[in-house]
Structure formats: C-alpha cells, structure tokens
Amino acid sequence: MERTYVMVKPDGVARGLMGEVLSRIEKKGLKIVGMKFAVMEEAKAKEHYAEHAERPFFAGLVEFITSAPSLSLVVEGGDSIKIMRAINGATKPAEAAPGTIRGDFAVDTGRNLVHASDSPEAAEREIKIHFGDAALISYPRCDDACLY
Ligand code: RTP
Ligand code: MG
C-alpha cells in the first residue's frame, strides 16, 4: 500500500489547524499510520529540504521549520502521494484552489501550512528521515473492508 509523508508545519500548529488537517485526511478515506509531534531537529530539516539547499529561501525555510513544533504524519492509501498533494493544494497559496488546505487557509508561500511528499522516492526518503525504524501502526479502517 502506498505511503506518503505529510507535515503540519509550525504555522499550521500555531494556528490551531492540526485537527483540520487530520480531519481532511481521515474523511478522504486515507489512513494515518504514523504520527509524531515535536520540534524538528535542524539536521533533519536540512536533510528533508536538501533539494532546495542552493535556493535563496533555504536558510529561512530551515529556521522556520525548526522554530516551533510541527506534526509529522505517515499517511497510507491507494494513490496517497497524489491525493495528499491535491488535498494540500498548490505551493503558492494565491494559486491554490479553494477547497484545498492552502487555498482555504493560507496567503503566504513561506507560511503555507502543510507539506506532502511529491514522489514515491521522496516519500520513502522522507519517511526514513522522520520516522527511521519506528514502527508504523497497522489497523483496519472500516472502509478497508467495504465501500460505502
Ligand atoms: P513542501 O515541500 O513544503 O510540501 O512544498 P511544495 O512541495 O509545494 O514546494 P517546494 O517547491 O518543495 O518548496 C518547499 C517550501 O519552500 C517554501 N518556498 N518558499 N520564497 C519562495 O519562493 C519559496 N518557494 C518555496 C514554501 O514554504 C514551500 O512549501
Ligand atoms: Mg516540496
């Protein structure tokens, strides 16, 4: 089953939007199989955003993402990688459609509330960075067994 890494960034936590994000994931029918609420270590943040290391916003991005608690999730389900990107919406909130998390709640690209892996390779890499060998949770959702 496909898995993806999702984060409610420090701005989402500070604005009280953890429940909103979790609710959208759960109601969509995806399964949350890992959850970690912590201040991200700088080394993990740098590794996580390594693809942006040369970009001018990198230092600020790392500083922001490590500045306060964030919520890390592993989300499981068919096509979960694409579906989570769609739930989050476009990177720039001005381009994010209403109905997406960024479209509904964000205005600033640097404070766009959520992250989700953008490919299977990224998902595997990011789950490893943030969850290491920690056991993910296995449990049935009612919609695993039957389609309502
Ligand atoms: P994320 O990785 O956080 O899920 O966001 P994304 O895939 O939609 O966007 P990405 O291109 O990976 O950029 C990572 C994060 O860096 C910040 N950013 N700032 N100032 C800027 O021009 C700029 N560009 C990107 C955003 O917070 C973006 O989510
Ligand atoms: Mg990205």
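Residues numbered from 1 in each chain as written. Chains lettered and ligands numbered in written order. Predicted model: local features only at pLDDT ≥ 70, side-chain atom pairs only at ≥ 80, totals over all residues.

1. Looking at the overall build of the chain
- Within the chain, the regular secondary structure consists of eight helices and four strands.
- Ordered by position from N to C terminus, the α and β elements of the chain give β-α-α-β-α-α-β-α-α-β-α-α.
- Taking 148 residues into account, the globule formula puts the C-alpha radius of gyration at 15 Å, and the chain, at 15 Å, falls close to it.
- For the C-alpha atoms alone, the extent of the chain along its principal axes is close to 50 × 35 × 25 Å.
- Classification of the 148 residues of the chain by burial places 32% in the buried group. (Helix = DSSP H or I, 4+ residues; strand = E, 2+ residues; numbered from the N terminus. Rg over C-alpha atoms; globule rule 2.2 N^0.38 Å. Buried ≥ 20, exposed ≤ 12 C-beta atoms within 10 Å, placed from the backbone.)

2. With respect to the nonpolar core
- Val 6, Val 8, Val 21, Val 75, Met 84, Leu 113 and Val 114 are the most contacted members of the largest nonpolar core, which totals 22 residues.
- Setting aside its immediate chain neighbours within four residues, Val 8 contacts Val 13, Leu 17, Met 18, Val 21, Ser 70, Leu 71, Leu 113 and Val 114. (Core = buried A, V, L, I, M, F, W, Y, C linked by C-beta atoms within 7 Å. Contact = placed C-beta atoms within 7 Å.)

3. Section: the confidence of the model for the chain
- In this model, the chain carries an average pLDDT of 96, and 98% of its residues clear a pLDDT of 70 or more.
- Overall fold confidence (pTM) sits at 0.96, and the ipTM for the predicted complex is 0.93. (pLDDT = per-residue confidence, 0-100.)

4. Topic: the UniProt feature "binding site: ATP" (unreviewed entry) in the chain
- UniProt records the feature "binding site: ATP" (unreviewed entry) for Lys 9, Phe 57, Arg 85, Thr 91, Arg 102 and Asn 112 in the present numbering.
- Thr 91 gets classed as partly exposed once you count the C-beta atoms within 10 Å, which come to 13.
- Each residue touching Thr 91, except ones within four places of it in the same chain, is listed here: Thr 109 and Asn 112.
- Looking at where Asn 112 falls in the secondary structure, it is placed in the loop between helix H6 (101–105) and strand S4 (114–116). (UniProt positions renumbered as here; feature names shortened; annotations may be inferred.)

5. Quick notes on the UniProt feature "active site" (unreviewed entry) in the chain
- Per the UniProt record, the feature "active site" (unreviewed entry) sits at His 115.
- Inspection of the secondary structure puts His 115 in strand S4.

6. Considerations on the sheet that holds strand S2 (residues 31–38)
- Pairing within the open sheet is antiparallel, and its four strands lie in the order S2-S3-S1-S4. Whereas interior strands pair on both sides, the edge strands pair on one side only; in this sheet they are S2 and S4. Strand after strand, the sheet turns through a mean of 15 degrees between neighbouring axes, direction not considered.
- Bridging between S2 and strand S3 (residues 70–76) involves seven bridges; their strand directions are antiparallel. Note that in S3 the partner of Ala 38 across the bridge is Ser 70.
- Of the strands in this sheet, strand S1 (3–8), S2 and S3 are in contact with helix H7 (residues 120–131), which crosses S1 at around 55 degrees. (Pairing = 2+ DSSP bridges. Axes fitted to C-alpha atoms, helices over the stretch in contact; angles between N-to-C directions.)

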